[in-house]
Each structure stands twice: as structure tokens, then as C-alpha cells.
Amino acid sequence: MKFKHWNLRWGTWIFFLVFGLASFDLCAQIVEVRPIDLAGAIQNRTIRVAIAPPSAGDTLHPFDGEKYTFLTRLKTDTLTVTLESDTLVQFEKSKVFFFSNGSWSLEAANSLSDLNSKTGSYARLVESRPYAFNAWDSLTFAQRKAKVVRLRAYNPVDSVFMLGEWTLEATVRFTSLLLMPRPVRVLPGTSLQVQVKILDDQGTIYPNFLSDHIVWRSNNSTIATVDESGKVTGVGLGSTSVTASIGAKGLS
């Protein structure tokens, strides 16, 4: 392990290094089906949304996580919402929340031309499934990757659509813990709060969503100590490792 040295006029400071280590056992992965952040992708312009009949001002309402902020269309018996992504999106479940009665279908393809022509990569995932007023409806299907997904809703009775939410959901496999910052650098006699993050199998970093108690440990308490909240305090010069484990989940 190399130390960093700064030769200053008032002395030489030697930083004490701590490498934080934490990992899941592969047999103890956490697997969850989670909504894809469609609103974030739309705002970042990696996903484009087209709504027919068109209207301004409420494009994000079906994706904002609030079912009572809704997209409204009047005097039409059909509503279509099309999402077009720059990259393939993997999903296996869709949920809708309407303030009306009707039916919904879901189509997917790898290009807009395939979707419109119903050829090539085209697939119909949901076929004329009834939905009820002020209630969630969802369907799980075989895992799918697509660049274009289209929700089509039909309401022939009163020709009114109030779409509260539409989500696409995918399996996320959380495979490791990550201690931040990396590496930890503290001087003897000073402290730094370490944070636990969670990584999925695609390398995406998530905030720690687990409510389980975290057990912290320093491999060498003469170099650094760590308290039950993850605050690391430098004791002497050198290097050591700090580990975090979540025994209730079999993670360490």
C-alpha cells in the first residue's frame, strides 16, 4: 500500500487509507421486480413519448409515480401511448391505472416500423385486457427486450380517458454492496461517515433500501475503528479494511 505525501512548509502529512469492502455471496442475491424509471428516461431524452390523440402539457403524468395526476383525453374511444428508446429495454410486467372502464393492449418491437407494420420483431404482449375504474390492472409475461413499446386503450362507452399511471417493470438482481467513498482517506484523530450503496448485476448503483441492521467491522482497530453507524475514525498510520455485513439477508 502506498501512502500519499505532501511536503509542506509546516510539515509532512501522511494520509491514512482505509479500503471499504462489502459484497454479496452469489447464493444470497436479492431479486426484485421493480418499475423502470420511464419519467427519468423521458426527461433525459433517452426515451421519447408520443400520445394520440395529441395534447400538450401532461406527457409525464402517466410516468410520475402519482396515480392521481393523470393524462386526460376526451371525445375519443381510443388512446395510444408509444415509448421509443435509444437502446433495448428489458421488461416482463406492465401495470395500468385508469379512471374509467375499458380494455388495454400492449405491443412491442425493436423499431417503430416493425411496430406499425406488425412484422419482424413485433410482438403483442397483452391483448384486449379489461381494466376497471380507479383500480390497478397488471399482467406478467415472458421477459422481453424492445426499443418501442405501445399501450393502446379502448373505451367505447363514454369516450373519456383518464390515465393515472403506466409502468413497465423488470427483474433486478442486486449482487453486491458498495461502501462510499472509495477509498476512504482519513487522518489519525479524524472521522468520516461511510455510506452503503447496493449494486445490481448491470453495475447500477442504488441507495441502500434494506432496513436490516448493518454490522460494521475494522480488520485492524489500531489503524482505524468503525462504529455501528459506519463512521470510520483514524487511530494510527497504515492501512486496513472496513467491512459491512447484513446477516439477516445472508450478505457480507
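Above this text is the structure in question.
Quick summary incoming for the structure in this document.

Reading the values: the criteria
Residues numbered from 1 in each chain as written. Predicted model: local features only at pLDDT ≥ 70, side-chain atom pairs only at ≥ 80, totals over all residues. Heavy atoms only, no water. Helix = DSSP H or I, 4+ residues; strand = E, 2+ residues; numbered from the N terminus. Contact = heavy atoms within 4.5 Å. Salt bridge = Lys/Arg side-chain N within 4 Å of Asp/Glu carboxyl O. Pairing = 2+ DSSP bridges. Axes fitted to C-alpha atoms, helices over the stretch in contact; angles between N-to-C directions.

1. Re the environment of Ala-52
With respect to the helices and strands, Ala-52 occurs in strand β5 (residues 47-52). Ala-52 has contacts with Thr-78, Leu-79 and Thr-80, leaving out every residue within four places of it along the chain.

2. A closer look at the pattern of salt bridges
By the definition in use, this model includes 7 salt bridges. The shortest N-O distance in the salt bridge between Glu-107 and Lys-118 comes to 3.6 Å. Here Glu-107, found in strand β8 (residues 102-109), pairs with Lys-118, found in the loop between α2 (112-117) and β9 (123-131); they are 11 residues apart in sequence, far enough to count as distant. Here the residues in one salt-bridge network are Glu-107, Lys-118, Arg-124, Glu-127 and Arg-152, joined through shared partners.

3. Thoughts on the sheet that holds strand β18 (residues 231-234)
The sheet built from 3 strands is open, its strands ordered β13-β18-β17 with antiparallel pairing. Edge strands, defined here as strands with exactly one partner in the open sheet, are β13 (191-193) and β17 (224-226). Sheet twist, expressed as the mean angle between neighbouring strand axes with direction ignored, is 20 degrees. Across 3 bridges, the pairing between β13 and β18 is antiparallel. Paired with Leu-192 across the strands is Val-232, a residue of β18.

4. So, the pairing of strand β7 (residues 78-98)
In terms of strand pairing, β5 meets β7 through 6 bridges, oriented antiparallel. Along β7, the bridge assignment pairs Ile-47 with Ser-85. Both β7 and strand β11 (residues 160-180) contribute to a ladder of 6 bridges, which runs antiparallel. Bridged to Lys-95 within β11 is Thr-167.

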